[in-house]
Amino acid sequence: MKEIRVALVGLGGRGVYGWLPILQSLRGYRVVAICDRIEALHERALLRLRDPREVRAYVRYEDVLADPDVDAVALTVRCREQGAMAAQALEAGKHVHCEVPAAHSIEDCWRIVLAQERSGKVYQLAEQTRYWGFVEAWRKLVAEGRLGHITFCEGQYFHYYVGQNFQDPRTGRFFHPGELAAHPEAQPTWLNEMPPIHYLPHELSPLLKILDDRVVQVVAMSTRAPSYAHPELNVPDMQVALMKTEKDAILRLAVSFAQPHPEANYHWYHVMGTKGALEWKRAERDLPRMWLADHEMHDMAEVDWRYERADAPAEARGTGHGDADYYVHAAFRDAVLYGKPLEFDVYRAMDTAAPAILAAESIARGSAPLAVPDFRPSAARPKGQAPAPAGRGE
Ligand SMILES: NC(=O)c1ccc[n+]([C@@H]2O[C@H](COP(=O)([O-])OP(=O)(O)OC[C@H]3O[C@@H](n4cnc5c(N)ncnc54)[C@H](O)[C@@H]3O)[C@@H](O)[C@H]2O)c1
């Protein structure tokens, strides 16, 4: 195979303005199909295609999966079933490159793992923040033991993002909460139902990479729904989880979409060990900080770590999210075309999804502590075999 014939499924902002330009400019990809269940959204994607005559436009996902000329599905949907859709594509013999989060139920996490193991197809979760420059620097510091035993990490995603909770299902137009009274056609979207804490891939993926670890236990709390900031929204303003890792670190993770937050710097991270601490910047004009206990440092020192990597190749520049978007598309291409093993494999992807799903489940069960399953094959669960009910984590 010289190039991957790819179908882009989900023609919202992320699919059309984020993925389509990269899939058309990066060597190794050819877009052969587009799909969205809202037909009115097809046109803006077709307008951005290099040669729309070569591209088939589908409304039904099943038709994409039945198309023998599609090698891989690029999934940029936002819906409760996005995990099941990834599994369906693997079951249909397609490679899958999909947007975050990987899934919204533990059942779908297992379905993806089993379909990937049984099909041997490439599954990649396109979580890109793990490629950021400071994440690589922090990973090295932790791996070298410069911070001692890691005891405490924090990660949060606070993004004031209330413009996509209501949509006209015919035209695809989104409505801000303030517009609802004048637009009876506006219907709630999955964002108006989704527990915010499900959206932890951009926190768990880099933190678990830095720690080389996985989460084993979760407990979480939520403010009430509807939102205090926007009572029209059926979502809580704040959800917070505590997680314990296999190597014995405690993570505090928080997500909020409904309450106002400064436009930039949505993410914040903190890693603390027995011999030092690392902290991401608090505001755009700020700088990240580091403190090492045995280096004669009286206070945290500022370090000019950035999202952008100092070693980024030219083709990464400007691809989005501090150049990080490039890396997921390059890794998927190299895995499909050249068989290069994925560093962020299906198991590490599920390590970012399952704790978040179980955090919401913990909230639903009155903040009960829940165990997180390990999706890797073992003596008790050979590759391709479904886990025994006790090991599923549902
Ligand atoms: N990695 C990142 O930095 C990043 C940034 C933004 C969004 N995202 C992710 O990208 C995805 C898309 O985000 P968006 O803002 O474009 O969302 P969106 O809601 O604007 O677009 C998603 C599209 O998928 C379509 N869709 C949903 N289910 C479908 C189905 N079964 N068949 C066909 N089409 C279907 C919807 O009609 C919609 O047009 C989400 O999963 C989101 O979490 C990731």
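From a predicted model like this one, the values you see are computed outputs, not experimental measurements. (Residues numbered from 1 in each chain as written. Predicted model: local features only at pLDDT ≥ 70, side-chain atom pairs only at ≥ 80, totals over all residues. Heavy atoms only, no water.)

Caption draft 1: Summary view of the side chain of Gln124. Within the secondary structure, Gln124 sits in strand β6 (residues 123-125). Residue Gln124 is classed as buried on the basis of its relative accessible area, which comes to 1%. Within polar-contact distance, the side chain of Gln124 engages the backbone oxygen of Val328 at 2.7 Å. Residues in contact with Gln124, not counting those within four places in the same chain, are Val96, His97, Cys98, Val328, Ala331, Phe332 and Leu342. (Helix = DSSP H or I, 4+ residues; strand = E, 2+ residues; numbered from the N terminus. Buried < 20%, exposed > 50% of the residue type's maximum accessible area, 1.4 Å probe, protein only. Polar contact = N/O pair within 3.5 Å; in protein donor to acceptor, adjacent residues only side chain to side chain. Contact = heavy atoms within 4.5 Å.)

Caption draft 2: Structural context of the nonpolar core. Formed by 89 residues in total, the largest nonpolar core has its most connected members in Tyr123, Trp138, Val271 and Met350. Setting aside anything within four residues of it in sequence, one finds Tyr123 in contact with Ala86, Leu90, Val96, Cys98, Ala102, Ile112, Gln116, Leu342, Val346, Ala349 and Met350. (Core = buried A, V, L, I, M, F, W, Y, C linked by side-chain atoms within 4.5 Å.)

Caption draft 3: Spatial organisation of the packing of helix α6 (residues 133-143) against helix α7 (residues 201-211). Between α6 and α7, the shortest axis-to-axis distance is 7 Å and the interhelical angle comes to 30 degrees. With respect to their mutual orientation, α6 and α7 come out roughly parallel. Mapping the contact onto sequence places Val135, Glu136, Trp138, Arg139 and Val142 in α6 and Pro206, Lys209 and Ile210 in α7. Residue composition of the contact of α6 with α7, grouped by class: 5 nonpolar, no polar and 3 charged. (Axes fitted to C-alpha atoms, helices over the stretch in contact; angles between N-to-C directions. Parallel < 35°, antiparallel > 145°, perpendicular 65-115°, else oblique. Nonpolar A, V, L, I, M, F, W, Y, C, P; charged D, E, K, R; others polar.)

Caption draft 4: Empty space enclosed by the protein, seen in detail. Counted according to the given criterion, the structure contains 1 cavity of 30 Å³ or more. The computed volume of the largest cavity comes to approximately 70 Å³. Taken together, Tyr161, Val162, Asn165, Leu191, Met194, Pro196, Leu233, Val235, Pro236, Phe257 and Ala258 make up the lining of the largest cavity. Residues that form the lining of the largest cavity fall into these classes: 10 nonpolar, 1 polar and no charged. (1 Å grid on protein atoms, 1.4 Å probe; cavity = no way out; pocket = protein on both sides within 12 Å on 5 of 7 lines; lining within 4 Å. Points joined across faces, edges and corners; volume = space filled by probe spheres on them.)

Caption draft 5: Focus on helix α4 (residues 82-91). Across the 10 residues of α4, 8 count as buried, placing the element largely inside the fold. Along α4, the positions that sit buried rather than exposed are Gln82, Gly83, Ala84, Met85, Ala86, Ala87, Ala89 and Leu90. Residues of α4 that are buried in the fold lie against β1 (4-9), α3 (61-65), β4 (72-75), β5 (95-98), α5 (106-119) and β6. Directly beyond the C-terminal end of α4, a positive phi value near 85 degrees is found at Gly93.

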